[in-house]
Amino acid sequence: MDSSIKIIAIDEKTLDALGQFEAWTRELYAELIEILDGGEYPPRVIGFDILLVNEKGDEDQLLVDACAKYSNIVMAGNLVFSTKIETTDGVSRVNTLHIDMVEELFGELADTVSMGFANTMQDSMDSAVRYTLLEVEEYQSFASAVVSMAQGGAEADYMAADENGGIYINYTAEPESYEILSLIDVLEGNIPAAAFEDSIALAGAYAAGMGDSYPVPIADGAQMYGVEIQANIVQGLMEQRSLTYVSPYVNAFVCAAIVFLFTLLACAMPIWGSALTTALIAAAQYALCLRLDGQGLVINMIALPLAVLAVLVWSIVGKYATGALHKRKIMGAFQKYVAPQVVEEIAKNQDYQLKLGGEKRYIAVLFVDIRGFTPLSEALQPEEVVEILNEYLSLVTDAVFQNGGTLDKFIGDAAMAVFNAPFDTDDYIYRAVCAAEDIAAGSDRIAATFRERFGKTVSYGIGVNCGDAVVGNIGSEFRMDYTAIGDTVNTAARLEANAKAGQILISEFVYEPLKDRLKVTEIGEIPLKGKSQGVMVYSLDEVCREGGN
């Protein structure tokens, strides 16, 4: 901050002493000029950031006479801009800085002092003052006129100005950082004139009710009075400092590279890791902005954090969507042959993976086959055969699902079901024999219907066994089936093959744990194809349902 720049503030203290600002005469300004310039230690420049446009009375002449005595006074004017399409050499362009009107100093004052426009350029996004015009056509800005006079009448250096004749302000001081002196204290002699020796004294509004305060990018949301903004611009011009915005193309390229790398990381990292990386990127950019700002360079602070945040949201949504699709894939794979309650359990199990391979489980296996289906199919039309088969297999599916089983597969007019897979099921052996009995009861009803409709009858043969088996997805990555394999399964199939029409055969391994809940007829040990030793077999007569499923 330049200590030679001093602000003479029209503050609350001054307004309390002198009354409403609108009622002041120009004699006050004339008095101020005489106090500052009439002594032995005049300031280099006295700048009035106050619009003195209209004549107010006879006292105006006092100000004109005071200004005529001294050559270090700069007054503020104002340019009124509009947007206009202008054509030069056959080329049309939109000029947003077309001057409609110039609000100049009143009467003789305009010919007596230097004038510069004091327009405040507010950002359309947040209304902050970041940019200032230094010259427009033949008019120079208030700050430029002050600097020109402070440098002995030389024109201010516009090398940093852009094509519109403006610069981005490199603020030196936050609000209230310059030396601020109340106007009433200066007028009453409380501040010696020597305090302004070789200084740049800028007089302007410094009270909330005067409507001359604006948000600035360095004040963290605080406002800065217009005269302070002018002080910052003056100091920046004198020190040849302005901000240079990094090319948007360079900024876009760097942002795109960072966002691309972050996207790759976000796909591989957990959500908490992506959130932490987002915070680190934002913090790193903030630190970089501060460092570059000290060198007069400005980069876009919003684009990168917003882009990274968008990637973070995308990765979170994507991970949840992928998880939902994965779960749907699993449920889609099982819902056609697994009981609804089993599908629901799969949906709850976050760790379940649909993959090739199996696990050893103790399960119950049920095989059922339609007896008499072949001669029936030869005697009926194909459509009728399909109708019978669908009705019968629907019965089997319902019975299996209602008892918590998994429908493994249909094999022509036969079906296979397993119990206690893929998840543990309570009392699964009992559920298997209950399913067998339900199939038998339903088959009897269907047989009566078929006899009435087609004059033919069908029956069933069912085998139930339990024991260890390998259960899992068998096949390839492209096509897999959830099934069970092993001797337990083979034995159940052999029991079904040995069952007579209308008979349910269970093995001793099924009977022993359930013998208090079943009524059976002992068949005895029978040899089964493919097994070296026989299996004790029972014919199921009835299942005691008390307390059962």
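Residues numbered from 1 in each chain as written. Predicted model: local features only at pLDDT ≥ 70, side-chain atom pairs only at ≥ 80, totals over all residues. Heavy atoms only, no water.

Sorry if this is basic, but what is going on with the overall build of the protein chain here?
On a plain count of helices and strands, the protein chain comes out with 16 helices and 24 strands. For the protein chain, the residues scored as buried account for 47% of the 549 residues in total. In the protein chain, of all internal contacts separated by at least 6 residues, the share reaching a separation of at least 24 is 72%. With the model as given, the accessible surface of the protein chain reaches about 27,600 Å², and the carbon-plus-sulfur share is 53%. (Helix = DSSP H or I, 4+ residues; strand = E, 2+ residues; numbered from the N terminus. Buried < 20%, exposed > 50% of the residue type's maximum accessible area, 1.4 Å probe, protein only. Contact = heavy atoms within 4.5 Å. Areas by Shrake-Rupley, 256 points an atom, 1.4 Å probe, with all protein chains shown as cover.)

I would appreciate a short explanation of helix α13 (residues 382-402) in the present structure.
Structurally, the α-helix is built with 3.6 residues per turn, so residues lying three or four positions apart point the same way. Look at α13: 30 Å from first C-alpha to last across 21 residues, which is about the 30 Å you get at 1.5 Å a residue. Within the span of α13, buried status applies to V385, I388, L389, Y392, L393, L395, V396, T397, A399, V400 and F401. A positive phi of about 75 degrees marks G404, the residue just after α13. (Expected span 1.5 Å × (residues − 1).)

What should I look at first to understand the side chain of D11 in this one?
By the element assignment, D11 lies in the loop between β1 (5-10) and α1 (12-18). At 6.8 Å, K13 is the nearest oppositely charged side chain to D11, a buried residue that forms no salt bridge. Residues contacting D11, with those up to four places away along its chain left out, are S182, Y206 and A207. (Lys, Arg positive; Asp, Glu negative; His and termini not counted. Salt bridge = Lys/Arg side-chain N within 4 Å of Asp/Glu carboxyl O.)

Can you walk me through a nonpolar patch on the surface in this structure?
A contiguous nonpolar surface patch, about 790 Å² in accessible area, is contributed by Y286, L290, M301, I302, L306, L309, V313 and V317. Those elements that provide at least two residues to the nonpolar patch are α9 (271-294) and α10 (303-334). The element contributing the most residues to the nonpolar patch is α10, with four residues. (Patch = residues over 30% accessible without salt bridge, like charges linked within 9 Å, V, L, I, M, F, W, Y side chains within 5 Å.)

Even after reading the chapter, I still don't get a negative patch on the surface, so can you show me in this structure?
Taken together, E27, E31, D58 and E59 make up a surface patch of like negative charges. The topology assignment puts D58 in the loop between β2 (45-51) and α3 (60-69). (Charge placed at Lys NZ, Arg CZ, Asp CG, Glu CD.)

Is there a simple way to explain unusual backbone geometry in this structure?
Backbone geometry follows two general trends: most residues other than glycine have a negative phi, and most peptide bonds adopt the trans configuration. Of the consecutive residues A421 and P422, the connecting peptide bond is found in the cis state with omega at 5 degrees. With a phi angle near 70 degrees, E176 is a residue other than glycine that sits in the positive phi range. Its identity as a non-glycine residue notwithstanding, D427 has a phi of 50 degrees, on the positive side. In this fold, D427 is placed in the loop between β19 (414-419) and α14 (428-454). Taking the relative accessible area as the measure of exposure, D427 reaches 34% and is therefore partly exposed.

Looking at this model, I keep getting lost on the nonpolar core. Mind explaining?
Burial of nonpolar side chains together is a common tendency in soluble globular proteins. In terms of nonpolar packing, the biggest core is built from 48 residues, with L366, F419, V433, I462, V464 and I506 touching the most fellow members. With 13 residues, α14 is the largest single contributor of residues to this core. In contact with V464, other than residues within four places in its own chain, are V365, L366, A432, V433, A436, L495, L505, I506, S507 and V510. Counting residues in each nonpolar core, the second largest holds 35 residues, with W24, L36, C67 and M115 among its members. (Core = buried A, V, L, I, M, F, W, Y, C linked by side-chain atoms within 4.5 Å.)

Is there a simple way to explain the layout of surface pockets in this structure?
Vacant regions in the atomic arrangement are exposed by a probe of water-molecule size rolled over the atoms. The space that makes up the second largest pocket amounts to roughly 690 Å³. Contributions of two or more residues to the lining of the second largest pocket are made by β2, β3 (73-88) and α7 (226-238). Its residues placed into classes, the lining of the second largest pocket shows 15 nonpolar, eleven polar and five charged. (1 Å grid on protein atoms, 1.4 Å probe; cavity = no way out; pocket = protein on both sides within 12 Å on 5 of 7 lines; lining within 4 Å. Points joined across faces, edges and corners; volume = space filled by probe spheres on them. Nonpolar A, V, L, I, M, F, W, Y, C, P; charged D, E, K, R; others polar.)

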